[in-house]
Amino acid sequence: MKTTMKTLAVSVSLCLSLGALADDIAITGATVHTMSKQGTVENATVLVEDGKIKSVKADGKVPRGYKQVDASGKVITPGIIGAYTSLGLVEVEYSAGITDYSVKMEDADYLGTQIDVSYAINPDSSLMDIARIDGITSAVSGVSYTDTFFGGQGAVITLGDKTNPVLKSRAVMSIDLTGDAAEGVAGGSRAILWPKFMAVLAQAASLKGKALEQDDEWEGDLSRADVNALLPVMSGDMPLLVSVKRLSDIRNLLTVKGMYKDLDVVLLNPTEAWRIADELAKHNIGVILDPENNLPYDFEQLGATLSNAAKLHAAGVTVAIGMNTHNIRLATQHAGNAVAHGMPWQEGLAAITSNVAKLFGVDDQIGSLSKGKRADLVVWSGDPLEVMSYAENVIINGKEMPMESRQSKLRDRYLADPKGAPYRYIKP
Amino acid sequence: MKQYPSWLRPKKLAGLIALSLSVAIVPHSLADDEEDKEPQDPFVSINPDPFPSTYSPEDSGVVLIQNVTMLDGIGGEFTGTSVLIEGGNIKAVGNMLSAPSGAVVVDGTGKWLTPGIIDNHSHLGVYPTPDVDSHADGNEMTKPVTAEVWAEHSVWPQDAGFSSALAGGVTALQILPGSANLVGGRAVTLKNLPDRTVQDMKFPGAPYGMKMACGENPKRVYGGKGGPMTRMGNVAGYRKQWIEAQAYKEKWEQYRADYEAGENPTAPSRDLRLETLSGVLEGDILVHMHCYRADEMAVMMDVAKEFNYQITSFHHAVEAFKIPDLLAENGVCASMWADWWGFKMEAYDSVQANIPMVHNAGGCAIVHSDSDLGIQRLNQEAAKALSSGRQAGLNFSKAQAWQWLSANPAKSLGIFDQTGSIEVGKDADLVLWSGDPFSTYSLADQVFIDGVLVFERGNEELWPVSDFELGQPGEGER
């Protein structure tokens, strides 16, 4: 190990709460889907050093000093990234105390752009362990419900660090431009919603990338802090995640993208996006979706279909899958269903790994297995998109994670024979 | 065919009650002829089936599905098997069947055949798509006990969700009222073949269900509207209803007894709420109770003993794994999701092996959906539960797991004598899967209801489109 004493001390303090000490590990014998240029490597040896991937090689040797983990016959993928969640922001949704995933300002003047979940992420949330033992190693987390115009800034978090869960704060700005949003913040009509959105963008653009100081003159009707928070969005450094369903709304967005070419637009749950897939590909607009969402719940998603993901991919759109919080562990099943309805298998896996990383600008760290990337990876019993498969070993930042959660402990308590004693005394 | 509740008619005269009559005339000669008694008014009986099923399948013809891997739905797995359908029923099952002349032969090589999936917890039609306010017909949230409402009067047969469920292999389903109320009303069981009216879908001969709900929902909805606002308030609410129902039942029994004794009693006035509740006490209506927490399920099983009725199944039984022995002892099924959890406190203690843990204790485990999306992939829910069980050392087979999807839900709906397994004489409600249905990638290639091919993947003619979808952007795209 090449760790310095200082980093060793940090590792030790981390492992007190989670995971084994970051040994250098060699995982051998598995089929590894690197999701990098290297593609899929059979009977691979994955070397992990100092929490990073050192190499992935077919039939590679295990250097001295590495702990060998036998994964013969197994499948390895990069850790699954929850594409849009509220992990760390909510424990129980209804009637169970404060939930940071819901913001109610009851103040029409508050734009919402300043919302920043990186202060609210709770790494002790039971959801973290529960998702992690099913192969989720990181996630984008943001608020799910707001009464503000923008949904605010989400963060990329890791599920393997009880001390510093945030990998990238202020990673994304979200806004809802569906009919529901019009109902909530724009008098119930798109005829107000879109002009309001355009006016906000115009004010943000007028700053030409320079943040307003307290002394600067400012005639706009947005607060200085609200408009400043949009600067990285206008420059394209922060993706703008837009909830939108109806085809005509997606067309509006293309017009906006034409006006502000630097915007990095990602669509969230765009049910009808397949109808305009070519245009989205041309404008380099990615999507996050639930491929199982195939019913016409309202008049803005009459075109809902199980083939949305496949059609978007075929047109060249970057597709990410995984919209859930308590059950983000189902991202693999969702991707599998996209595959069942026409998406190539590798793309189904990309939709929950590398594509998510790309959309949120963290592909230099996570989402694929190549030299220098964080060693976030999962050893699966088989094809991870198969519902019968499960994660056998989850490694985050080079550390083997404990494969237990509150749920697995509850299961084991009630599988035990209490021998007449109350179950409270059984502590698996 | 149709089993009418015994309490709705005088026992001696059972044969004389005609379907369409609400009042049966008793011939004088059958009555007691004593001189000093006043002449009897016509006997008042209540038509138990005022909205009769008009479901009538087409002629299936003769169909032979050949060379499949078959899960019979009652624990058996067979390879290279064939199933012969005739007159809408399963005529024969075996490895050496040859096609009778004129039979349609379906080559099932490489494919799997199962009984159709039966979902005992759906709100299709009562909370249809489009899911707009005008369509919110599933919860009569006006008072805590609305046993008088019948879900079938809310079912919109044009719900697009029925066809998507069919594409997922669902051949029958129970539509329940929502869970806002202590007693939500009557549930109805349907064949998943929507046509113009709900009567066209009603499963012939299926008994009615009645929806009840434990826990958070009633207290959240009524806490600020006069109660109940606590779990103890909920239980007081159920018990009060059962006391009234017992009295109502006894009044009608007295009326029948007096009439049979030749007297001329005045019939009690009808009460739709108490009719349904006393139907439960008679054992004619099956109780389906939304109940998450183990301790609440145990209380409800005691309430059932106190008033001498049977709970057929708890639904959303997230904590069933804590009391599988009690459920088995009381003969109460648990209808469960594979892994939904955390949306409220009573759904917090969830385990992924819940379903196999109930089975393992000898209980009746059922996979249900409560979702217009989940209902399209119930086979995958069973697969996840099966895998989670195996990870915990509960080594059930795929054939055993299919019981969670067909036989057990059929039993919970009182229709297992007609469907829910591949056995000679049963309705030919079948799904031919493209491969192992415990795989994410397998899809229902063909679905048969009463032997009629009603869905075929890739065949536009057999892709049902609701009136609502017709001419809209999504037509034929689901």
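Keep in mind that what you see is a predicted model, and the values were worked out from it rather than measured.

## Side note on the overall build of chain B
Line of reasoning, step 1. Across its full length, chain B carries 10 helices and 18 strands.
Line of reasoning, step 2. For 478 residues, the compact-globule estimate of 2.2 N^0.38 gives 23 Å, and chain B sits close to it at 23 Å.
Line of reasoning, step 3. Its C-alpha atoms give chain B principal-axis dimensions of about 75 × 55 × 45 Å.
Line of reasoning, step 4. In chain B, which comprises 478 residues, the share counted as buried stands at 59%.
Line of reasoning, step 5. Sequence separation of at least 24 residues holds for 69% of the intrachain contacts in chain B that already meet a minimum separation of 6.
Line of reasoning, step 6. Approximately 17700 Å² of chain B is accessible, and the part contributed by carbon and sulfur atoms is 50%.

## Thoughts on the side chain of B:Thr419
Residue and element names in this part refer to chain B.
Line of reasoning, step 1. By the secondary structure assignment, threonine 419 is in the loop between helix 10 (407-412) and strand 16 (430-433).
Line of reasoning, step 2. Residue classification places threonine 419 among the buried residues on the basis of a relative accessible area of 2%.
Line of reasoning, step 3. At 2.9 Å, the side chain of threonine 419 forms a polar contact with the side chain of aspartate 429.
Line of reasoning, step 4. Contacts of threonine 419, omitting those with residues within four sequence positions, involve Ile118, Phe203, Ala410, Lys426, Asp427 and Asp429.

## Section: the sheet that holds strand 13 (residues 311-315) of chain B
All names here are of chain B.
Line of reasoning, step 1. Across the sheet, 8 strands lie side by side as 8-9-10-11-12-13-14-15; this open sheet has mixed pairing. Two strands bound the open sheet, and with one partner strand each, they are strand 8 (117-122) and strand 15 (365-367). Strand-to-strand, the axes of this sheet are offset by a mean angle of 25 degrees, without reference to chain direction.
Line of reasoning, step 2. Contacts from helix 5 (residues 294-307) reach strand 11 (209-213), strand 12 (286-290) and strand 13 within the one sheet, and its direction differs from that of strand 13 by about 160 degrees.

## Topic: the packing of helix 3 (residues 231-260) of chain B against helix 4 (residues 272-281) of chain B
Residues and elements named next belong to chain B.
Line of reasoning, step 1. In contact at an axis separation of 8 Å, helix 3 and helix 4 are set at 85 degrees when each is read in the N-to-C sense. One element, helix 3, and the other, helix 4, form an angle in the roughly perpendicular class. In this structure, helix 3 uses Gln241, Trp242, Glu244, Ala245, Gln246, Tyr248 and Lys249 to contact helix 4, whose residues at the interface are Arg273, Leu274, Glu275, Leu277, Ser278, Val280 and Leu281.

## Focus: the state of the cysteines
Here a disulfide denotes one covalent bond, and it connects the sulfur atoms of two cysteines.
All names here are of chain B.
Line of reasoning, step 1. Scanning the entire structure with this criterion turns up 2 disulfides over all chains.
Line of reasoning, step 2. Across a sulfur-sulfur distance of 2.1 Å, cysteine 214 and cysteine 291 are joined as a disulfide pair. Where cysteine 214 bonds to cysteine 291 through sulfur, the torsion about that S-S bond is close to -85 degrees, and the disulfide is left-handed. Placement of cysteine 214 in the loop between strand 11 and helix 2 (216-222) and of cysteine 291 in the loop between strand 12 and helix 5 is noted, with a sequence separation of 77 residues between them.
Line of reasoning, step 3. For cysteine 214, a relative accessible area of 2% corresponds to the buried category.
Line of reasoning, step 4. The buried category is assigned to cysteine 291, whose relative accessible area is 0%.
Line of reasoning, step 5. One disulfide in the model links cysteine 333 with cysteine 364; its S-S distance is 2.1 Å. As the torsion about the S-S bond is roughly 85 degrees, the cysteine 333-cysteine 364 disulfide counts as right-handed. Remark: cysteine 364 occurs in the loop between helix 7 (354-360) and strand 15 and cysteine 333 occurs in strand 14 (residues 333-336); sequence separation between them is 31 residues. Per residue, the accessibility class of cysteine 333 equals that of cysteine 364, and both read buried.
Line of reasoning, step 6. Each bonded cysteine of chain B gets a number by its place in the sequence, and the pairs then read 1-2, 3-4.

## Quick word on the interface of chain A and chain B
Line of reasoning, step 1. If you look at the interface, chain A gives 51 residues, while chain B gives 50 residues.
Line of reasoning, step 2. For the chain A and chain B pair, buried surface summed over both sides reaches about 4500 Å², with 57% attributable to carbon and sulfur atoms.
Line of reasoning, step 3. It is A:Tyr297, A:Leu302 and A:Met388 in chain A that bury the most area against chain B; as a group they hold 15% of the surface buried on that side.
Line of reasoning, step 4. Across the chain A-chain B interface, the total number found is 3 salt bridges.
Line of reasoning, step 5. The partner of B:Asp349 in a salt bridge is A:Arg406, and the shortest N-O contact between them spans 2.5 Å.
Line of reasoning, step 6. One can count 30 residue pairs in polar contact (both at pLDDT 80 or more) joining chain A with chain B.
Line of reasoning, step 7. If one sorts the elements of the side of chain A that touches chain B by residue count, helix 13 (residues 406-415) of chain A sits on top with 6 residues.
Line of reasoning, step 8. For the side of chain A that touches chain B, the residue count by class is 24 nonpolar, 14 polar and 13 charged.

## Notes on the domain arrangement of chain A
Residues and elements named next belong to chain A.
Line of reasoning, step 1. Here chain A is described as being made up of domain 1 (1-79 + 369-428) and domain 2 (80-366).
Line of reasoning, step 2. The interface is formed by 29 residues belonging to domain 1 together with 35 residues belonging to domain 2.
Line of reasoning, step 3. The tally of links from domain 1 across to domain 2 stands at 0 salt bridges.
Line of reasoning, step 4. At the boundary of domain 1 and domain 2, one finds 8 residue pairs in polar contact (both at pLDDT 80 or more).
Line of reasoning, step 5. Of all elements in the fold, only strand 5 (75-78), strand 16 (377-380), strand 17 (391-396) and helix 13 reach the threshold of two or more residues within the side of domain 1 that touches domain 2.
Line of reasoning, step 6. The biggest single contributor to the side of domain 1 that touches domain 2 is strand 17, with 4 residues.
Line of reasoning, step 7. Broken down by class, the residue content of the side of domain 1 that touches domain 2 amounts to 16 nonpolar, 7 polar and 6 charged.

Parameters at a glance
- Residues numbered from 1 in each chain as written.
- Chains lettered and ligands numbered in written order.
- Predicted model: local features only at pLDDT ≥ 70, side-chain atom pairs only at ≥ 80, totals over all residues.
- Heavy atoms only, no water.
- Helix = DSSP H or I, 4+ residues; strand = E, 2+ residues; numbered from the N terminus.
- Rg over C-alpha atoms; globule rule 2.2 N^0.38 Å.
- Buried < 20%, exposed > 50% of the residue type's maximum accessible area, 1.4 Å probe, protein only.
- Contact = heavy atoms within 4.5 Å.
- Areas by Shrake-Rupley, 256 points an atom, 1.4 Å probe, with all protein chains shown as cover.
- Polar contact = N/O pair within 3.5 Å; in protein donor to acceptor, adjacent residues only side chain to side chain.
- Pairing = 2+ DSSP bridges.
- Axes fitted to C-alpha atoms, helices over the stretch in contact; angles between N-to-C directions.
- Parallel < 35°, antiparallel > 145°, perpendicular 65-115°, else oblique.
- Disulfide = S-S within 2.5 Å.
- Buried area = accessible area lost by both parts, 1.4 Å probe.
- Salt bridge = Lys/Arg side-chain N within 4 Å of Asp/Glu carboxyl O.
- Nonpolar A, V, L, I, M, F, W, Y, C, P; charged D, E, K, R; others polar.
- Domains from an automatic or database assignment.

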